[in-house]
Structures are given as structure tokens and as C-alpha cells.
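Architecture and fold: a report
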Amino acid sequence: IVTYLFIQKPENELSSWNEKYNNTDRNIIFSLNDSTVVTLAPNSTLRYPIVFDKINRQVYLSGEAEFNVKKNDQNFFKVYSKKVITTVLGTIFTIKEMADSAIVIDLREGKLKVEIEDSTKSAFDSMLLYPNEKAMYVFHTKHLYKKYTAAEIIDQTMERISFRQSSFEEIANHLKKVFGKTLINQSDKKNWRFTGEFNNASVEEIIENICFVKNLSSKIEGDTIFIINKKHTKK
């Protein structure tokens, strides 16, 4: 079973292609010509050939879908996500677009080929993934990285994050896009702005620095970080 989360439109409009849009509030399930089973999420669209040819099996998705791909060693199944092309080599894996920051490919079983379309850096043109490996294509560096955990990839690919008189809402939105963490302000201080620049910093280090400057504190619960009042100890 394969899960994708990204937005992509086919470059060529072909009359032999079909388009299915899920305008309901629940998943819909249907089969492609090659017996691949698709579970299409609400508000999602899949464009696919009515009949796959003998050379190519490729689909374009807008939204989210789950694919149970029919294996064919002579005709691989390809998924296009912006500049990233993922080729199914008989696998179970997920693809997820992290807002405007990156695309993560997580392989659970089998083998997977990931490549960058029209890449100018041959060293990052393509790579093979094996079970329990992950790859990430980072938009701002235009590089494809291979690591075992998404957190390791993020830590090593974040070159610079800067804020210029940014409000809490602006900071929270940016950190959500980059790190996938939700930032909530539970302190008494609401209307403040922050200026700072961070190089290769984790989200915890960024929050710690902001709290130090604003005389606040923080606590982490799962993927949520709460900004709270700083506790003052009595002497």
C-alpha cells in the first residue's frame, strides 16, 4: 500500500487520460487499468491513462491518495511530484509534501528509486532506497538527501531561518511549515515581535532563544510546543 500527499499537474493534456475528483466527505476506492487499487481522499483529484501503454505507467495526483500498486517488472509505476519522480519497484512506501519546504519519501518494504527531474547537480540526480530508509528533497537547496529519519534530514538541511520583526503568528506558521511542529502561545504576553537569525538550528533551539529574549518559557508535548510564562522562584 502506497500513500502520496502532493500536488502535481500533467505537462501534456492527453485525450486518453481520465480524471477522477472526490467531492464527497469520505474516501472513494477504484481500480486502474493495470489492477492497481486507488483510495482517493476527499477534495482530491487523480489523472491517469484510461489504458496504460506497454512502456509507461504514470499518474498525477492533486491532494491525497493511497495506492496498492500492481507489480510489473517490465513496466514500472511512476508518480510525479513537482521535480521529484518516484518509481515503484514493488514496494510499500509513503510520499508526503511538507508545505513549501520539502518532499519526504519513506520506504517500508522493497526497493524504491527516487530521482530529480532536470537536476543540474548530477550527484543528486537519483538514489535507491532500501527498507526503513528515507529521502527528502528540500526545495530551497534543490538537493535530494538520504537519511534514516526525517528529523535527521531536517536538522542537516536547514541552512538559515531568519525573522525580522516577526509576530508570533508569523513565527508559528513558519516553524510549522519547516519542522511540522505546532506552536501555541499560552503566556500573558501576546503582542510581541522577534528579530533573529538561526543557522542549522533545531526547533527546540529556536524556541529556547526566543523565550530567553522575551523572558518566557516553553514546554513540549508531542508535536506541540507551548509558550508559557516564566516561573520565578522566591528567594
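Residues numbered from 1 in each chain as written. Predicted model: local features only at pLDDT ≥ 70, side-chain atom pairs only at ≥ 80, totals over all residues. Heavy atoms only, no water.

**Points about the side chain of Thr224**
The condition is simple: We count a stretch as a helix when DSSP gives it H or I for four or more residues in a row; a strand needs E for two or more, and each element gets its number in order from the N terminus. Accessible area is worked out with a 1.4 Å probe on protein chains only. A residue is then buried under 20% of its type maximum, exposed over 50%, and partly exposed in between. What makes two residues a contact is simply this: any of their non-hydrogen atoms within 4.5 Å.
Following the sequence through the fold, Thr224 ends up in strand β19 (residues 224-229). Assessed through its relative accessible area of 19%, Thr224 is described here as buried. With sequence-adjacent residues up to four places away left out, Thr224 is seen in contact with Thr182, Ile184 and Lys219.

**Comments concerning the sheet that holds strand β16 (residues 182-185)**
Filter applied, for reference: Whether two strands pair depends on DSSP finding at least two bridges between them. Inter-axis angles, ranging from 0 to 180 degrees, are taken between N-to-C directions of lines fitted to C-alpha atoms, where helices are fitted over the stretch in contact.
An order of β16-β19-β18 is seen for the three strands of this open sheet, with the pairing classed as mixed. Each of the sheet's edge strands pairs with one partner strand only, and the pair in question is β16 and β18 (216-221). Ignoring which end each strand starts from, the neighbouring axes of this sheet average 25 degrees apart. In this fold helix α2 (residues 168-179) packs onto β16 and β19, with an angle of close to 160 degrees to the strand it touches most, β16. Where helix α3 (residues 203-214) meets the sheet, its contacts fall on β16, β18 and β19, and the angle it forms with β18 comes to roughly 155 degrees.

**Concerning the confidence of the model for the protein**
As a reminder, the rule being used: A residue's pLDDT is the predictor's confidence in that residue, given on a scale from 0 to 100.
Averaged over all residues, the pLDDT of the protein equals 78, while 81% of them reach at least 70. Looking across the protein, the model is least confident in helix α1 (residues 150-157), with a mean pLDDT of 44, and most confident in strand β3 (residues 28-31), with 94. Note that pLDDT drops below 50 for residues 6-15; the model gives that stretch 25 contacts with residues more than four away or on any other chain. Confidence over residues 148-158 falls short of pLDDT 50; this stretch has 27 contacts with residues more than four positions distant or in other chains.

**Looking at α3**
Cut-off, in case you're wondering: What a helix is expected to span follows from its residue count: subtract one and scale by 1.5 Å. Here, the arc refers to the directions that run from the helix axis to the C-beta atoms.
Taking 1.5 Å per residue, twelve residues should reach 16 Å; α3 reaches 17 Å between its end C-alpha atoms and fits that length. Where α3 is concerned, the buried positions are Val203, Ile206, Ile207, Ile210 and Cys211. Down the axis, α3 shows its buried residues gathered within 130 degrees of arc, on one side only. α3 presents Glu208 and Phe212 as exposed residues on the side facing more than 90 degrees away from its buried surface. Its buried side turned inward, α3 meets β15 (161-167), α2, β16, β17 (193-198), β18 and β19.

**Let's talk about the packing of aromatic side chains**
Quick reminder of the rule: Working definition: rings of Phe, Tyr and Trp (its six-membered ring) pair if their centres are within 6.5 Å, and the pair is stacked with planes under 30 degrees apart, edge-to-face with planes over 60 apart, and tilted otherwise.
In the structure shown here, the tally under the stated rule is eight aromatic pairs. Relative to Phe77, the ring of Phe52 lies with its centre 6.3 Å away and its plane at 65 degrees, an arrangement referred to as edge-to-face. Placement of the pair is Phe52 in the loop between β5 (44-49) and β6 (57-68) and Phe77 in strand β7 (residues 77-81), with a sequence separation of 25 residues. The same class applies to Phe52 and to Phe77, which are both buried. On the numbers, 5.2 Å between centres and 20 degrees between planes, the contact of Tyr60 with Tyr80 is stacked.

**Brief notes about unusual backbone geometry**
Non-glycine residue Asn43 carries a positive phi angle of around 60 degrees. Within the secondary structure, Asn43 is located in the loop between β4 (37-40) and β5. For Asn43, a relative accessible area of 57% gives the class exposed. The backbone phi angle of Gln165 is positive, close to 50 degrees, even though this residue is not glycine.

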